[in-house]
Amino acid sequence: MNYRSRVDRRTLLKGVGVSLALPFMDSLSWAAGGNSARPPVRLGFMYMPHGVIMDEFWPKSPEAYHKSPPAAIESLRPILDQCLMMKGISGVPIAPFGGAPHALELSTWLTATLPDADTRSRVNIAISADQIMANYVGAHTLLPSLELATMPQTWKENQAGLHEAYYSHCSYRSPTQTVPAEIDPRLVLNRLFGKKGKAGLVTKANPLDRQMLDRVLGGARDLRRTLARTDQLKLDEYLDSVRATERRIAAIEYRQQEAALEKAGVRSTKRHSNDSPPIEVKIPEGDKRSEYMQVMCDLTVLAFQTDTTRVSTYIGSTPNGVSYPELGFTDKHHSQTHHENRKEQVRKVAAITKFNIDQFAYMVKKMASLREGDGSLLDNCIMMWGSGMEDGNKHSRENLPFIIAGKGGGSINTGRFLPDTKGNQGDLLTTLLSCAGVPLDRPIGIATRQITEMKV
Amino acid sequence: MRSSRVFQIVAAKVTGLALALSLISPCQAQPDDVIADEASLRADAEKTFKEKVGPFVNKYCINCHGPRAEAGINLKSALRIPGAASSFLHWKKAMANVKVHDMPPDHAEKIPTDKERRQFIEWIGKLKYLAQRDPGHFVIRRLSKVEYGNTLHDLYGVDPSIADSLPEEVVGEGYLNSISPLQSELFLDIANKVIDQVVSPTDEPPTEVQKGLFGETPPNGADLRKAARQVARSLARDAYRRPPTEAELDVLVGIFDIARENDLGYRSSLGLMWKAVLVSPQFLFSTPAVDVDSKDSVVPLDDYQLASRLSYLLWSTPPDAELSALAEKGELHKPEVLRAQVERLLMHDRSRALFDGFGSQWLGVGGLESQTFDPDVFPQMTLALRKAMMEEARLFFQSIVRENQSVFRFVDSDYTFLNEPLAELYGLEQSVKGPTMRRVKLENPNRGGILGMPATLATTSFPNRTSAVRRGVWVLEQILGERVPPPPPNVPELEEQEQQSKEGLTLRQRTELHQSEPTCANCHKLLDPIGFGLENFDAIGRWREKDDAGVVIDSAGKLPDGESFSTPAELKGLLARRKTDLARNLTEKMMAYALGRQLEGYDEIVIDQLMVKIAQDKYRVRTMITEVITSYLFTHRKVKG
């Protein structure tokens, strides 16, 4: 055995700052200490492309928000006091990419940044808000973040010369790396909670695997040096994913250790005794869109409830031509949004919007019904549903449609519709992260201010 | 170029002009006269560029496609470095738009004459000669789910279904080569399963496969680390598809050490080491050799890489014993040896992988099984029928390869493969009985070939009706290899145009409304007539005389070059005569698939040379495949620059 190289590798790992030992102790004990410790804030996003029918989405007035909410948000009625709507948040102006409104509605949604024009045929944008939060709190949980999607993330178009990944990704780990989303609920369930679908029951973790993977990563870095630059990026994804696997094994070990201690009565669990038990998740058999989306929502709820992750992103559909057979529409969502104000198509777009918000409502209402700490799970979450486009017919982006549910651990002043907010997408994301307790060293994308009026 | 290999990055090659002089190196298998010829062609191209292309672009294009780079087409940088690979796509797109009169836009101040347009297109055709001689980097890619399962099976005797838990691969161009954290966990999980199946518990006798992998357990007192290094060497040789480097062995033996330090027995320690092999990038990706002992910027692939590239291309498996032995002996790169191996692999039944991987992508039928069809309109589109449709396409593709038929037979042939349910779509259910697929001679000239085949007709349709536009695009792009500019972003699809006011119009009349819209007309007057030529086939490929509205179908139309036709059979005949276009398109698509990247710049010159040879052998398909595999591009790679 070559001892020198072995020592070098360990030193190297430290130098690179790959944290393999995880700082669990201080962070996971949030509920263990009794009432003084507060549950962490979780942040979740859910996306629908192509915008909405404005008249059926925005409340007529702050009063009407409660008294006669528009049809689109009807399903949220029971918890409107825990929601917040703000009109006047504008999207990123897409001027140099006028020919690619749909690639940009999704890719700018959580970045508030335009792709780099000179390198547009590659991915080069900015780290997204969810991943900024994952960097900050991700080390505390089994998974740094959860990314889900309804559709496979592929689309064979690169309008305005943009890389096609911009059509199907909103999460970016770094300016040049997309975060792929999972689309198979069964795999996600197994991954999060083991085969039995119960929290805490995880697949076996072999501590030696972690050391083994560490060495494999070292070897992979040698290989990386021999590759062309584009191939290095591919290998970087491999390295990141293997690192995530290492972390996960470490987290599983920690969890097993904790379960053993708990069983021995040595210390209390991190859950309050009066917290609701973890929800049950059933994988639907058929291919009904609503059932599919609801199981993805359930997985998000369960992941948050069990503190498996604190950040989630669910791309309810990508801007690439999905249809809604469940609503009786065989035409594509996108084409219908170019309705030219024709009644029949306007009706369809409104129905699709309502359908998507209904699934979001299913998720946040469930969260509102689950006890956590002194309140509900939703009280400690910030859940945002929205679209990166205002009106799909005109491709306008002046008033991005979105709904926030949850009080963010008491940071968000809910139960209101603010009809005349001034701000942009970057301002909104910056404020959301601030509410989630994430300190930022710089504003996100085009942000210039925080939207203080949404805070308590 | 649409049909790049599944999961491939479409990488822009980084070409440095500084390399210009060093690129012509003696190691390349090209005769001198070819190179001399290239030099004169390059001089001519430079002249053409300076005198013709530059002025045209400056006059008609640069206002919008300069620094502003409207629609992502930047001709300013393309003018600066016309031969660079990065400029190539800009030229191609520009040409496509100028060709169909889509650009310059009608409202532009200066509009080129038709003659100027034709000349521009011809000039652009010469630009490839400005490109430097360059086979491109070796593009690494992850093994697909199918390849991964096959590899575990071939090397370790486990059932390929052991990979079933991996997510389905998404077919498409793009960066989809990635490994998500979930996949990474599954690779580890599957590695555990493989080891559990193969390695017996410590107190039981070893399995046969285990003996083959781990050898005999060394006697007491022997140097276990030395033995482990030997095991690592042979494990890695198979799994990495090449001999491992000493540094790679250091890593593996280091993992053996970790296991020993944690009091694992010899057998279990080898198990951990093997697991490391199975989750290593050298196993999961097809990668080039780590060390290149050369001062040249372009080197031939070594025989191991060649064996691996060849085997995954034609069989989706790691190299078998014969290929591996030829690689060990350093003989595979010899042209006659390589040709013989291509022949052997293609004639073996495992070459069906070429249809599953390449053929189904080329024809665009990969998604047929999961495609949505309106169950009220097409209740017969069961999974069984869809599978039969796919099987028909596969058997037909394979028969053309096996029998080494000419490429035009893809379009114009007089046989197909049917079972009874599929024969119903052909109206041949009287003569074809039972669920088994068999070869059937076709008397109807409208059938026979990929144009009149249910699988392709269905995948180019909407859930409830046909689409002349999609079929037109399919014929132009997949069969003739034309580049069709994308529709402008704000245009609704035809189906969304208000239905009521259009009632009573035939699909043709409705689609022709498209052509009255100036932004649409330029392209649609090319696309639509081809699609209408196939209107006699409904959305699942049945023959019909009248459309859904009960109106008699008018399937007359013409191709972009003006040749007209009045039935699908005539359309078929016209397309089959365009052997050069058909063959070139298929060659380009096959090459892109084989290399795992888009074709650019210099690639075109290589394709030109291949086309000469392929034409000499009457465009036979197996000849074409062999030429692709023995080409400079397939057998070389750039290592510097």
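Keep in mind the model is a prediction, meaning the values are calculated, not measured.

## Some details on the overall build of chain B
Helix and strand counts for chain B come out as 28 helices and eight strands. Within chain B, buried positions represent 59% of all 641 residues. Within chain B, contacts between residues separated by at least 24 positions form 70% of all contacts whose residues are at least 6 apart in sequence. As displayed, chain B offers around 25,900 Å² of accessible surface, 53% of which is attributable to carbon and sulfur atoms.

## Points about the sheet that holds strand S7 (residues 311–315) of chain A
All names here are of chain A. In spatial order, the strands read S4-S7-S1-S12-S13-S2-S14; together these seven strands make up an open sheet with mixed pairing. Each of the sheet's edge strands pairs with one partner strand only, and the pair in question is strand S4 (146–149) and strand S14 (416–418). The sheet shows a mean angle of 15 degrees between the axes of neighbouring strands, direction not considered. In the sheet, strand S1 (residues 42–47) pairs with S7 via five bridges, with the strands oriented parallel. Of the residues in S7, the one forming a bridge with Met46 is Tyr314. Each of S1, strand S2 (83–86), strand S12 (381–386) and strand S13 (402–405) touches helix H13 (residues 425–435); the most contacted strand, S12, lies at about 160 degrees to it.

## A short note on a positive patch on the surface
All names here are of chain B. Together, Lys47, Lys52, Lys115 and Arg118 give the surface a local cluster of positive charge. Breaking the positive patch down by element, the ones donating at least two residues are helix H1 (32–60) and helix H5 (114–126). Positionally, Arg118 belongs in helix H5.

## Concerning the side chain of His339 of chain A
Within the fold, His339 of chain A resides in the loop between helix H11 (333–337) and helix H12 (343–369). His339 of chain A has contacts with Ile53, Gln345, Val346, Val349, Asp391 and Asn393 of chain A, leaving out every residue within four places of it along the chain.

## Quick look at the nonpolar core
Within the largest apolar cluster, 192 residues are counted, with the highest numbers of intra-cluster contacts made by Trp274 and Leu314 of chain B. Looking at this core, the element that brings in the most residues is helix H17 (residues 383–402) of chain B, giving 10 residues. Counting residues in each nonpolar core, the second largest holds 56 residues, with Trp58, Leu189, Phe329 and Met383 of chain A among its members.

## Details of the packing of aromatic side chains
All names here are of chain B. All chains considered together, the criterion is met by 27 aromatic pairs over all chains. An angle of 80 degrees between the planes, with centres 6.3 Å apart, marks the rings of Phe56 and Trp123 as edge-to-face. Highlighted residues: Phe56 in helix H1 and Trp123 in helix H5, separated in sequence by 67 residues. For Trp123, a relative accessible area of 14% gives the class buried. Ring plane angle 65 degrees and centroid distance 4.9 Å describe the contact between Tyr148 and Phe187, whose orientation is recorded as edge-to-face. Taken as a pair, Tyr148 in helix H6 (residues 145–156) and Phe187 in helix H7 (residues 181–198) lie far apart in primary sequence, 39 residues in all. With relative accessibility at 3%, the residue Phe187 sits in the buried group. Counting every residue linked through ring pairs, the aromatic cluster contains Phe355, Trp362, Phe396, Phe397, Phe410, Tyr415 and Phe417.

## Some remarks on the pattern of salt bridges
Residues and elements named next belong to chain B. Scanning all chains against the criterion turns up 44 salt bridges over all chains. Glu482 is paired through a salt bridge with Arg578; the nearest N and O atoms lie 3.9 Å apart. Taken together, the positions of Glu482 in the loop between helix H20 (468–479) and helix H21 (499–502) and Arg578 in the loop between helix H24 (568–577) and helix H25 (579–595) put the pair 96 residues apart, joining distant regions of the chain. Looking at Glu482, the relative accessible area reads 25%, which means it is partly exposed. By relative accessible area, which is 15% here, Arg578 ends up buried. Arg584 is the partner of Glu604 in a salt bridge, and the nearest nitrogen-oxygen pair spans 3.7 Å. Of this pair, Glu604 sits in helix H26 (residues 602–616) while Arg584 sits in helix H25, and the two are 20 residues apart along the sequence. A relative accessible area of 21% places Arg584 in the partly exposed class. What you see here is one network of salt bridges that share partners, running through Arg229, Arg233, Glu246 and Asp250.

## A few points about the side chain of Arg242 of chain B
Residues and elements named next belong to chain B. Here Arg242 lies in the loop between helix H9 (224–239) and helix H10 (246–261). Classification of Arg242 as buried rests on a relative accessible area of 4%. Polar contacts involving the side chain of Arg242 include one to the side chain of Glu248, which spans 3.0 Å.

Quick notes on the rules
- Residues numbered from 1 in each chain as written.
- Chains lettered and ligands numbered in written order.
- Predicted model: local features only at pLDDT ≥ 70, side-chain atom pairs only at ≥ 80, totals over all residues.
- Heavy atoms only, no water.
- Helix = DSSP H or I, 4+ residues; strand = E, 2+ residues; numbered from the N terminus.
- Buried < 20%, exposed > 50% of the residue type's maximum accessible area, 1.4 Å probe, protein only.
- Contact = heavy atoms within 4.5 Å.
- Areas by Shrake-Rupley, 256 points an atom, 1.4 Å probe, with all protein chains shown as cover.
- Pairing = 2+ DSSP bridges.
- Axes fitted to C-alpha atoms, helices over the stretch in contact; angles between N-to-C directions.
- Patch = residues over 30% accessible without salt bridge, like charges linked within 9 Å, V, L, I, M, F, W, Y side chains within 5 Å.
- Salt bridge = Lys/Arg side-chain N within 4 Å of Asp/Glu carboxyl O.
- Lys, Arg positive; Asp, Glu negative; His and termini not counted.
- Charge placed at Lys NZ, Arg CZ, Asp CG, Glu CD.
- Core = buried A, V, L, I, M, F, W, Y, C linked by side-chain atoms within 4.5 Å.
- Phe/Tyr/Trp six-rings, centres within 6.5 Å; stacked < 30°, edge-to-face > 60°.
- Polar contact = N/O pair within 3.5 Å; in protein donor to acceptor, adjacent residues only side chain to side chain.

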